[in-house]
Every structure is written in C-alpha cells, then in structure tokens.
Amino acid sequence: MTTSGNDPFHTWLAVLAGEPELGLDPAWLSDEALAWLRAVRDAHGEVAPPYVPELMLERRAAVAETALAALRAAAERDLGSPLDLRPEVEAECDYDTTGSVAVFGEQVRALGPEEAKVTVADAVQTFVAHVHRTVWPTCPDHRTGLHPELTERRAVWHCRAGGHDLPMP
Ligand SMILES: [Zn+2]
C-alpha cells in the first residue's frame, strides 16, 4: 500500500476533501473510513462529489443496521423482551448535506462498522435505560454497567470497575 499523495486514490480523495460539506478531510478519516472509500473507488471508480452523499448515507445506514441487529439481539436475549428500535434514515436533513442516520436520536457519523458499533451501543444503552428502566449490559464479574469503547480499532464493552474489556456482539 502506498502513502504517496500522487496515486489515483489520493488524488480522488483530495477532490472529495475539497468539498467541506462532505466532511471527508483525509487528516480525520479513520482506517475504516479509508477502507470504505477504497472499496467505493474499486466498485464505482472516481465518483464525482455530487454523488458521494448518497453513497455515504447508504453506508451509514448499512453499518448502523448491522450494528443494531447484533446489539439488539444480545439485549433481547439478556432482557428477555423485544426491543422496538430501528435506525432512522433521512436523506433530506437541514444540518447535513449527506443526510442523517440516527439510532434513538444518536447520530451515526461513522463509515466503518466498529466505529458505528460504539455509537449504536451507546444508543441501545440509552434506549434500554429509558424504556426498560434497567442497566444493560453489566459485567458478570463486577456487576456494574459496561461502557462502549473503541480499543485497538475494535468496539468493546469496557468495565471501569475491573479495568478490563468484554467483546461486543
Ligand atoms: Zn468487570
């Protein structure tokens, strides 16, 4: 893999970065987001900026849905009741030209699955706290609430009481 600024991928990235409303400044893009952009270029070529918001919205909706499906299943299993929670996707959005993907009011901005999972996990926790009036999930060893975190590029449940991580579904 090259890090040269002159290869076609980086040239295209520079074009996208020139459109501030896309929010694709290479300095702030995660490895997951870059991997997705590379996949977009491989599949569709050097997509012109006006067509990028639709692809970003689709991608955010997809990573949010995948993360929510896994977390919802885990919460339903633990709580023993169904969670009425779906991603809210809006193509037209007053404050963001790339549209809006949200879970229980929490904006999913990530383009990568692990980063999206952290946001969605936070939203599921808030939903469970509001609607089911319980703390989920809890550490089986320390019996305290767990916190979603990105550790070594993976979404994990972090236990502050024990200073350890548990895998996220
Ligand atoms: Zn623990």
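Everything that follows concerns the structure shown earlier in this document.
**Q** Describe in detail unusual backbone geometry, supporting the description with residues and values.
**A** The step from W136 to P137 runs through a cis peptide bond, and the omega angle for that step is -10°. With respect to the element layout, P137 can be found in the loop between helix 4 (113-132) and strand 4 (147-151). Of note, the phi angle at F104 is positive, near 50°, even though the residue is not glycine. Here F104 lies in the loop between strand 2 (100-103) and strand 3 (106-107). The class for F104 is buried, based on 20 C-beta atoms found within 10 Å.

**Q** Break down the nonpolar core for me, citing the residues and quoting the values.
**A** With 34 residues, the main nonpolar core has A64, V120 and V124 as its most contacted residues. Looking at this core, the elements that each hand over two or more residues are helix 1 (8-17), helix 2 (31-44), helix 3 (52-79), strand 2, helix 4 and strand 5 (154-159). Counting contributing residues per domain, this core is built from domain 1 (8-51) and domain 2 (60-167), each supplying no fewer than three. If we skip the residues at most four places from it in the chain, A64 touches P87, V101, V103, V108, A116 and V120.

**Q** Lay out the environment of A129 in plain terms, naming residues and giving numbers.
**A** Topologically, A129 is positioned in helix 4. The exposure class of A129 is partly exposed, given the 13 C-beta atoms found within 10 Å. As a C-alpha pair, A129 and A155 span 26 residues in sequence and 20 Å in three-dimensional space.

**Q** An account of the pairing of strand 5 is needed here, citing residue identities and associated values.
**A** In terms of strand pairing, strand 4 meets strand 5 through 5 bridges, oriented antiparallel. Residue E149 lies in a different strand from strand 5, and its bridge partner there is V156. Inspection of the sheet shows strand 5 paired to strand 6 (residues 164-167) by 4 bridges, in the antiparallel sense. Counterpart to C159 in the pairing with strand 6 is H164. Here strand 5 hands over to strand 6 after 4 residues, with G163 in that stretch at a positive phi of 60°.

**Q** An account of the sheet that holds strand 4 is needed here, citing residue identities and associated values.
**A** The antiparallel open sheet is built from 3 strands, whose spatial order is 4-5-6. Bordering the open sheet on either side are strand 4 and strand 6, each of which pairs with just one other strand. For this sheet the average axis-to-axis angle between neighbouring strands, irrespective of direction, equals 50°. Each of strand 4 and strand 5 touches helix 4; the most contacted strand, strand 4, lies at about 170° to it.

**Q** Go over the sheet that holds strand 3, please, and point to the residues and values.
**A** Neighbouring strands of a sheet are bound in pairs by backbone hydrogen bonds; such pairs are parallel or else antiparallel. Across the sheet, 3 strands lie side by side as 1-2-3; this open sheet has antiparallel pairing. The strands lining the two open edges of the sheet, one partner per strand, are strand 1 (87-90) and strand 3. Alignment of strand 1 against strand 2, held across 4 bridges, turns out to be antiparallel. Paired with V89 across the two strands is V101, which belongs to strand 2.

The rules behind the values
- Residues numbered from 1 in each chain as written.
- Predicted model: local features only at pLDDT ≥ 70, side-chain atom pairs only at ≥ 80, totals over all residues.
- Helix = DSSP H or I, 4+ residues; strand = E, 2+ residues; numbered from the N terminus.
- Buried ≥ 20, exposed ≤ 12 C-beta atoms within 10 Å, placed from the backbone.
- Core = buried A, V, L, I, M, F, W, Y, C linked by C-beta atoms within 7 Å.
- Domains from an automatic or database assignment.
- Contact = placed C-beta atoms within 7 Å.
- Pairing = 2+ DSSP bridges.
- Axes fitted to C-alpha atoms, helices over the stretch in contact; angles between N-to-C directions.

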